[in-house]
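Residue strings, one per chain:
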Amino acid sequence: TYLAKVLCQLGELDAAIAECRTALKIDPEFGNAWNDLGAYMLEKRRFKDAAKFLDRACRSRNYDHREVPHFHLARCYLQKGMLMRATRELREALDINPGFLSAKLLLSRVESQIH
C-alpha cells in the first residue's frame, strides 16, 4: 500500500489500484488496502466501487485506523447527494476517533447544509 500511495502521488492511479489488489491477495483482511482502493476509486469518480471497497475496509480485522474508511465513505455519499448517510459515516468516524479534525470539519459543513 505504501508503493500504491507513491504511485498515486505520481499520477499513476491504475498502477496504485493494482498494488492494492496485490496487497489484498496477500492479506484479504488488510483494511489499509481496502481503504486505499476505495479512496482511489473515489478519485476516479467510481462511487459504487468506492463504497463497496470502503465498506469492506470498515469491516476488516487487520486495520488500525478504522475511522478513515468512514470518512471516505462520507465523501462518497456526499458526491451522490446522500447527506444523511454522509453524516452518519462522519459521526461513526468521530465515535472511533473524536480528534479526527478532517471529519469534524466536514461534519460541520454537511450539517450546515442540512439545517
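Residues numbered from 1 in each chain as written. Predicted model: local features only at pLDDT ≥ 70, side-chain atom pairs only at ≥ 80, totals over all residues. Heavy atoms only, no water.

Caption draft 1: Seen up close, the packing of helix α1 (residues 2-9) against helix α2 (residues 13-26). Here α1 crosses α2 at 170 degrees, and the two axes come no closer than 7 Å. The pairing of α1 with α2 is recorded here as roughly antiparallel in orientation. Between α1, through L3, A4, L7 and C8, and α2, the contact on the second element is made entirely by L13, A15, A16, E19 and C20. Of the residues belonging to the contact of α1 with α2, the class tally is eight nonpolar, no polar and one charged. (Axes fitted to C-alpha atoms, helices over the stretch in contact; angles between N-to-C directions. Helix = DSSP H or I, 4+ residues; strand = E, 2+ residues; numbered from the N terminus. Parallel < 35°, antiparallel > 145°, perpendicular 65-115°, else oblique. Contact = heavy atoms within 4.5 Å. Nonpolar A, V, L, I, M, F, W, Y, C, P; charged D, E, K, R; others polar.)

Caption draft 2: View of the packing of helix α5 (residues 67-79) against helix α7 (residues 101-114). Running from N to C, α5 and α7 point in directions that differ by 25 degrees, and their axes come no closer than 11 Å. Considering their axes alone, α5 and α7 lie roughly parallel with respect to each other. Relative to α7, α5 is oriented so that their crossing is left-handed. On the side of α5, the interface is formed by F71, R75 and L78, while α7 contributes S102, A103, L106 and V110. Broken down by class, the residue content of the contact of α5 with α7 amounts to five nonpolar, one polar and one charged. (Left-handed = near helix turned anticlockwise from the far one by under 90°.)

Caption draft 3: Looking closely at α5. With 13 residues, α5 ought to run about 18 Å at 1.5 Å a step, and its terminal C-alpha atoms sit 19 Å apart, in line with that. Of the surrounding secondary structure, the elements contacted by the buried residues of α5 are α3 (31-43), α4 (47-59), α6 (83-96) and α7. Just beyond α5, the residue with positive phi is G81, at close to 75 degrees. (Expected span 1.5 Å × (residues − 1).)

Caption draft 4: Up close: the nonpolar core. In this structure, L37, Y40, L90 and A103 are the most contacted members of the largest nonpolar core, which totals 36 residues. Secondary-structure elements contributing two or more residues to this core are α1, α2, α3, α4, α5, α6 and α7. Considering each element in turn, this core owes the most residues, seven residues, to α4. (Core = buried A, V, L, I, M, F, W, Y, C linked by side-chain atoms within 4.5 Å. Buried < 20%, exposed > 50% of the residue type's maximum accessible area, 1.4 Å probe, protein only.)

Caption draft 5: Examining unusual backbone geometry more closely. At R45, a residue that is not glycine, the phi angle is positive and equals roughly 65 degrees. Position of R45 among the secondary structure elements: in the loop between α3 and α4.

Caption draft 6: Region of the structure containing the pattern of salt bridges. Considering all chains together, one arrives at seven salt bridges under this definition. Of the charged contacts, one joins R91 and E111 as a salt bridge, the two residues approaching to 2.6 Å between their closest N and O atoms. You can see R91 sitting in helix α6 and its partner E111 sitting in helix α7, a full 20 residues away along the chain. With a relative accessible area of 43%, R91 lands in the partly exposed category. On the basis of relative accessible area, E111 is assigned to the partly exposed category, the value being 23%. (Salt bridge = Lys/Arg side-chain N within 4 Å of Asp/Glu carboxyl O.)

Caption draft 7: View of the side chain of E29. Take E29: it is sitting in the loop between α2 and α3. Classification of E29 as buried rests on a relative accessible area of 17%. Contacts of E29, omitting those with residues within four sequence positions, involve R56, R59, S60, R61 and N62.

Caption draft 8: Representation of the packing of aromatic side chains in the model. Applying the stated criterion to the full structure yields two aromatic pairs. Judged by centre distance (5.3 Å) and plane angle (50 degrees), the ring pair of F71 and F100 falls under tilted. Placement of F71 in helix α5 and of F100 in the loop between α6 and α7 is noted, with a sequence separation of 29 residues between them. As far as burial versus exposure is concerned, F71 and F100 are alike and both buried. (Phe/Tyr/Trp six-rings, centres within 6.5 Å; stacked < 30°, edge-to-face > 60°.)

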